[in-house]
Amino acid sequence: MTEPTRVELEATSSPKVADVTAAHQTAALETLRHDYTATARAARVYEHLLGGVDAFKADRSAAHDLCQVAPWAPRAARANKHFTHVATTTSLALGVRQFLDLGAGFPHHPFLHEMVPPGYPVVYVDRDPGVLAHAKCRLDPGPPYKTAVVAADLLHMQNLLTHEHLTGALDLTQPIAVTLHDVLPWSTDDTAAADAMAILRSWLPTGSTLSITHLTGHFDPHGVRQAVAAYERHDITVRPRGLAEIAALFGDFVHLSTGLKPLSRWSIHDQPAVRQFTPHPARSEGCPAFAGIAVKS
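Residues numbered from 1 in each chain as written. Predicted model: local features only at pLDDT ≥ 70, side-chain atom pairs only at ≥ 80, totals over all residues. Heavy atoms only, no water.

Novice: Where do I start with the confidence of the model for the protein in this structure?
Specialist: For residues with low pLDDT, the predicted coordinates do not support detailed interpretation. Chain-level pLDDT for the protein is 85 on average; 84% of the residues reach the 70-or-more range. Here residues 1-26 scores under 50 on pLDDT; set against residues more than four positions off or in separate chains, the count is 57 contacts. Note that residues 268-284 has pLDDT below 50 and, in this model, 38 contacts with residues that lie over four places away or in other chains. (pLDDT = per-residue confidence, 0-100. Contact = heavy atoms within 4.5 Å.)

Here's what the structure looks like:
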C-alpha cells in the first residue's frame, strides 16, 4: 500500500465513553475451549518469536512460515518487548505512578509490575482466553505488588474502562501510563480502532502517557505484505498502518522528542532523566514498526 509522508499530529474529536456503539458493547469474550490450541493465535505466535514456551504446533508452524518471508520478525518482537521497559522508565521519570497495559499478551519476563516500585498499581488487560488463564496465575502475585488482570476487548472500550477491577485499582484523578505495544495491528476495523482510541484519550487524566508501537509498511512495503500474507495463511489477520494513520491514534497528545520514530531507532535526547533506547543496531527495515510516547496536556 502507498504510505504517506511525515505529517503533523492533528487534534481529533474525542467521543465520550457513552458515545460508543451498542454493537461494540454486546459482543461476548471468547471462552477457553477444548480446541483452543488447534489453530494459530497471534499472541502465541508472538510468544514463540520471543523464545517463550506457551505456544503449540499450529503457532510454531505459523511462526516458521512467517520467518521464511520475514526473518526480522524475532528481532522485531524482542525490540517491541524491550520498548515496554523504555515506556515504563519514561513514564516514571515524568511522575506517573500507575500503569495500564492494554493487550498484555502472554506473561514474559520482565513483567511490567516488576519494572516499577512495589505498590504502584498495574492493570493488565487482554481478550485471549489462554493469555488470561496464564495472566491470572503469573501476573497477579499479591503483596507487595498491586496488580489486577482484566478480561476485556479494547474495541469495547466502554466496558473496559468501567470494569470494576480496573476502576478499583487505578486512581482516576491521577495520571496513568497506557501501553499499546503491537496491539492495534490486530484490530483490522479502522473505524472501531479509532473510536476506541478516542474514548481512551478522552478518559485519561491530564499528565497521562500513551505509548504505542505499530507495524507499518512504510520502510519495507513488499516485506510487510509478505508477512501479512503468511499470517493470513494461518487465518490470522493483521493490519499494518501508515505514519499518518498511526499518528492519528495519539490524537492531540504531545509527543516526546520529535514524535513517531522507527522502533529500532527510537530515542529521547532532549528529555532529562529519560533513557535512550538503542536495543539493536539494526536498520529500520529490520523492525518495520513505528513507536512513540505522548503525554496528555
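Novice: Whenever I open this one, the packing of helix α3 (residues 57-69) against helix α10 (residues 221-232) confuses me. Can you help?
Specialist: Axis angle and axis distance: for two packed helices, these are the angle between their axes and the distance between the axes, and together they describe the pair. It is the contact of α3 with α10, at a shortest axis distance of 9 Å, that shows an interaxial angle of 160°. Looking at the two axes, α3 sits roughly antiparallel to α10. α3 and α10 meet at a crossing whose hand is right-handed. Mapping the contact onto sequence places Asp65, Leu66 and Val69 in α3 and Gln226, Ala227, Ala230 and Tyr231 in α10. When its residues are assigned to classes, the contact of α3 with α10 shows five nonpolar, one polar and one charged. (Axes fitted to C-alpha atoms, helices over the stretch in contact; angles between N-to-C directions. Helix = DSSP H or I, 4+ residues; strand = E, 2+ residues; numbered from the N terminus. Parallel < 35°, antiparallel > 145°, perpendicular 65-115°, else oblique. Left-handed = near helix turned anticlockwise from the far one by under 90°. Nonpolar A, V, L, I, M, F, W, Y, C, P; charged D, E, K, R; others polar.)

Novice: When you look at empty space enclosed by the protein in this model, what are you seeing that I'm missing?
Specialist: If you roll a probe as big as a water molecule over the atoms, it shows you where there is empty space left. All told, the structure shown has one cavity of 30 Å³ or more when counted by the stated rule. The space that makes up the largest cavity amounts to roughly 290 Å³. If you trace the largest cavity, you find 21 residues lining it, with Trp72, Ala76, Ala77, Asp182 and Leu215 closest to the centre. If you list the elements that add at least two residues to the lining of the largest cavity, you get α2 (42-49), α4 (73-93), β5 (209-215) and α10. Its residues assigned to classes, the lining of the largest cavity shows 17 nonpolar, three polar and one charged. (1 Å grid on protein atoms, 1.4 Å probe; cavity = no way out; pocket = protein on both sides within 12 Å on 5 of 7 lines; lining within 4 Å. Points joined across faces, edges and corners; volume = space filled by probe spheres on them.)

Novice: Honestly, the pattern of salt bridges in this entry has me stumped. Any pointers?
Specialist: Any two side chains of opposite charge can pair, given that their charged atoms come close. Considering all chains together, one arrives at seven salt bridges under this definition. For Asp190, the salt bridge identified is with Arg239, shortest N-O distance 2.8 Å. With Asp190 in helix α9 (residues 190-203) and Arg239 in the loop between α10 and α11 (243-248), the pair connects residues that are 49 residues apart, well separated along the chain. For Asp190, a relative accessible area of 33% gives the class partly exposed. The exposure class assigned to Arg239 is buried, which follows from its relative accessible area of 16%. In this structure, Asp190 engages Arg241 in a salt bridge whose closest nitrogen and oxygen atoms are separated by 2.9 Å. Of this pair, Asp190 sits in helix α9 while Arg241 sits in the loop between α10 and α11, and the two are 51 residues apart along the sequence. On the basis of relative accessibility, which here comes to 3%, the residue Arg241 falls in the buried class. When salt bridges that share partners are traced, they join Asp190, Arg239, Arg241 and Glu245 into one network. (Salt bridge = Lys/Arg side-chain N within 4 Å of Asp/Glu carboxyl O. Buried < 20%, exposed > 50% of the residue type's maximum accessible area, 1.4 Å probe, protein only.)

Novice: Any chance you could explain the packing of aromatic side chains here in plain terms?
Specialist: Note on aromatic pairs: each is described by the distance of the centres and the angle between the planes. Counted under the stated rule, the structure contains two aromatic pairs. Arranged with centres 5.0 Å apart and planes meeting at 50°, the rings of Phe219 and Phe290 form a pair that is tilted. Here Phe219 is found in the loop between β5 and α10, whereas its partner Phe290 is found in strand β8 (residues 289-295), with 71 residues between them in sequence. With respect to burial, Phe219 and Phe290 carry one shared label: buried. (Phe/Tyr/Trp six-rings, centres within 6.5 Å; stacked < 30°, edge-to-face > 60°.)

Novice: Would you mind going over the layout of surface pockets with me for this structure?
Specialist: By volume, the largest pocket amounts to about 920 Å³. As for the largest pocket, its lining consists of 44 residues, and the residues nearest its centre are Ala43, Gly103, Gly105, Asp126 and Trp186. Going through the elements one at a time, α2, α4, β1 (99-102), α5 (112-115) and β2 (121-126) are the ones with two or more residues in the lining of the largest pocket. Considering every element that reaches the lining of the largest pocket, the biggest residue donor is α2, with four residues.

Novice: I keep staring at α9 and nothing clicks. Help me out?
Specialist: Along an α-helix, residues three or four positions apart point the same way, because every turn accommodates 3.6 residues. The terminal C-alpha atoms of α9, which comprises 14 residues, lie 20 Å apart, in line with the 20 Å expected from a rise of 1.5 Å per residue. Considered for burial, the residues of α9 that qualify are Ala192, Ala193, Ala196, Met197, Ala198, Ile199, Leu200, Arg201 and Trp203. Between the side-chain oxygen at the start of α9 and the backbone nitrogen of Thr191 there is a gap of 3.1 Å, and the oxygen is on Asp189. (Expected span 1.5 Å × (residues − 1). Polar contact = N/O pair within 3.5 Å; in protein donor to acceptor, adjacent residues only side chain to side chain.)

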